[in-house]
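Fold and contact review
Residue strings, one per chain:
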Amino acid sequence: MRAALLLTCLWPGLAPLWWRGERAGVAVAVAFSAWLNLALAAKFVWPELLSPLFASLVWGLLLLFWVAGICHSASRLSKMFGGDGSVENDRLFLRAQAEYLQGNWYEAETLLNNLLDRQPRDIEGRLLLATLLRHTRRIPEAREQLKALGRYDGAARWMVEIHREARLLSRIAEESLRSDEPASDTQPASQAA
């Protein structure tokens, strides 16, 4: 696993794209690819395209971009996979998930709140908390969690689940309103007396 992590650092933008699905990684990877293709084409296909001084500048800047990309990706990976408590965050999430699946709502909620105190932008943890709140019929709190999820960039890949939770919350709220409505008086007046 460690080798796979480090290999993704060798192409700028690949690590955040591969491990977190970040769209910015696509832009960086494509920019590096285009720059590399330009430099290779100018060197081997059309050497007369660029002056020797400009070609040296293109290669130098490409090398600088590559080294900066490696350093940036390596620092991001150390934050994602250890070094900032993410291993402990993953353990908290897995424990909360196990408690949730066993129906231990209080324990799961406590663990999820601890996780979100440590990492407020943890999308999976917040989505699980919203689901837990729905199961415990705390509709306003669940809606608040879904609303918070909508503000995070990484939530885009969870939109299907977020919309499903919102629909389920709406359904529960509608059922609650129907059960709170007074029964209509359908009996004739002669039978009521």
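Remember, predicted model here, so these are calculated numbers, not experimental data.

A contiguous nonpolar surface patch, about 710 Å² in accessible area, is contributed by Leu38, Leu40, Phe44, Val45, Trp46, Leu49 and Trp59. Among the elements that take part in the nonpolar patch, helix H3 (residues 23-45) stands out by supplying four residues, more than any other. With respect to the helices, strands and loops of the structure, Leu49 is situated in the loop between H3 and helix H4 (52-80). With relative accessibility at 49%, the residue Leu49 sits in the partly exposed group.

So, about the packing of helix H7 (residues 123-135) against helix H9 (residues 159-180). The description of two packed helices rests on the angle between their axes and on the distance between the axes. Direction vectors running N to C along H7 and H9 enclose 15 degrees, while the axes themselves pass 11 Å from each other. Of the possible angle classes, the one that applies to H7 and H9 is roughly parallel. Crossing hand, H7 versus H9: left-handed. The residues of H9 that touch H7, namely those facing Leu127, Ala130, Thr131 and Arg134, are Glu161, Ile162, Arg164, Glu165, Leu168, Leu169 and Ile172. Of the residues in the contact of H7 with H9, the class split is six nonpolar, one polar and four charged.

Moving on to the confidence of the model for the protein. With 88% of its residues at a pLDDT of 70 or more, the protein shows a mean pLDDT of 84. In this model residues 183-193 is a low-confidence stretch, pLDDT under 50, and it forms one contact with partners more than four residues away in sequence or in other chains.

Counting 25 residues, the largest nonpolar core has Leu112, Leu146, Leu149 and Ile162 as the members making the most contacts within it. For this core, the elements supplying multiple residues, two or more each, are helix H5 (86-101), helix H6 (105-118), H7, helix H8 (139-149) and H9. A total of seven residues in this core trace back to one element, the largest contributor, which is H7. Other than its neighbours up to four places away in sequence, Ile162 contacts Leu127, Leu146, Leu149 and Ala155. Ranked by size, the runner-up nonpolar core spans seven residues in total, among them Leu36, Ala39, Ala42 and Val58.

A full pass over the atoms with the stated rule returns seven salt bridges. As a salt-bridge pair, Arg91 and Glu88 come within 3.8 Å of each other at their nearest N and O atoms. A residue pair is termed a helical-turn pair when its members lie 3 or 4 positions apart in one helix, as Arg91 and Glu88 do in helix H5 at three residues. Among the residues examined, Glu88 registers a relative accessible area of 30% and is labelled partly exposed. A salt bridge links Glu174 to Arg178, with the shortest nitrogen-to-oxygen separation between them at 3.7 Å. In this pair, Glu174 and Arg178 are both assigned in helix H9, four residues apart and thus about one turn of the helix distant. Shared partners join several salt bridges into a network, and the residues in it are Glu109, Arg138 and Glu141.

Before going further, it helps to spend a moment on unusual backbone geometry. Here the phi dihedral of Arg137 falls at roughly 60 degrees; this positive angle occurs in a residue that is not glycine. Along the chain, the position of Arg137 falls in the loop between H7 and H8.

On to H8, then. For an α-helix, the turn length of 3.6 residues means that residues three or four places apart are oriented alike. Among all positions of H8, only Ile139, Ala142, Gln145, Leu146, Ala148 and Leu149 are buried. Close packing links the buried residues of H8 with H6, H7 and H9.

With that settled, consider the packing of aromatic side chains. Applying the stated criterion across every chain yields a total of four aromatic pairs. Aromatic side chains Trp11 and Phe32 sit 4.8 Å apart centroid to centroid with 85 degrees between the ring planes, which places their arrangement in the edge-to-face category. Taken together, the residues span a long stretch of sequence, with Trp11 in the loop between helix H1 (2-8) and helix H2 (14-20) and Phe32 in helix H3 at a distance of 21 residues. The class of Trp11 is partly exposed, set by a relative accessible area of 31%. Geometrically, the ring pair formed by Phe32 and Phe65 is edge-to-face, given 5.6 Å between the ring centres and 80 degrees between the ring planes. Linking Phe32 in helix H3 with Phe65 in helix H4, this pair joins segments that are 33 residues apart in sequence. The buried category is assigned to Phe32, whose relative accessible area is 4%. Residue Phe65 is classed as partly exposed on the basis of its relative accessible area, which comes to 21%. Among the aromatic residues, those joined into a cluster by ring pairs are Trp11, Phe32, Trp35 and Phe65.

Definitions and limits used
Residues numbered from 1 in each chain as written. Predicted model: local features only at pLDDT ≥ 70, side-chain atom pairs only at ≥ 80, totals over all residues. Heavy atoms only, no water. Patch = residues over 30% accessible without salt bridge, like charges linked within 9 Å, V, L, I, M, F, W, Y side chains within 5 Å. Areas by Shrake-Rupley, 256 points an atom, 1.4 Å probe, with all protein chains shown as cover. Salt bridge = Lys/Arg side-chain N within 4 Å of Asp/Glu carboxyl O. Helix = DSSP H or I, 4+ residues; strand = E, 2+ residues; numbered from the N terminus. Buried < 20%, exposed > 50% of the residue type's maximum accessible area, 1.4 Å probe, protein only. Axes fitted to C-alpha atoms, helices over the stretch in contact; angles between N-to-C directions. Parallel < 35°, antiparallel > 145°, perpendicular 65-115°, else oblique. Left-handed = near helix turned anticlockwise from the far one by under 90°. Contact = heavy atoms within 4.5 Å. Nonpolar A, V, L, I, M, F, W, Y, C, P; charged D, E, K, R; others polar. pLDDT = per-residue confidence, 0-100. Core = buried A, V, L, I, M, F, W, Y, C linked by side-chain atoms within 4.5 Å. Phe/Tyr/Trp six-rings, centres within 6.5 Å; stacked < 30°, edge-to-face > 60°.

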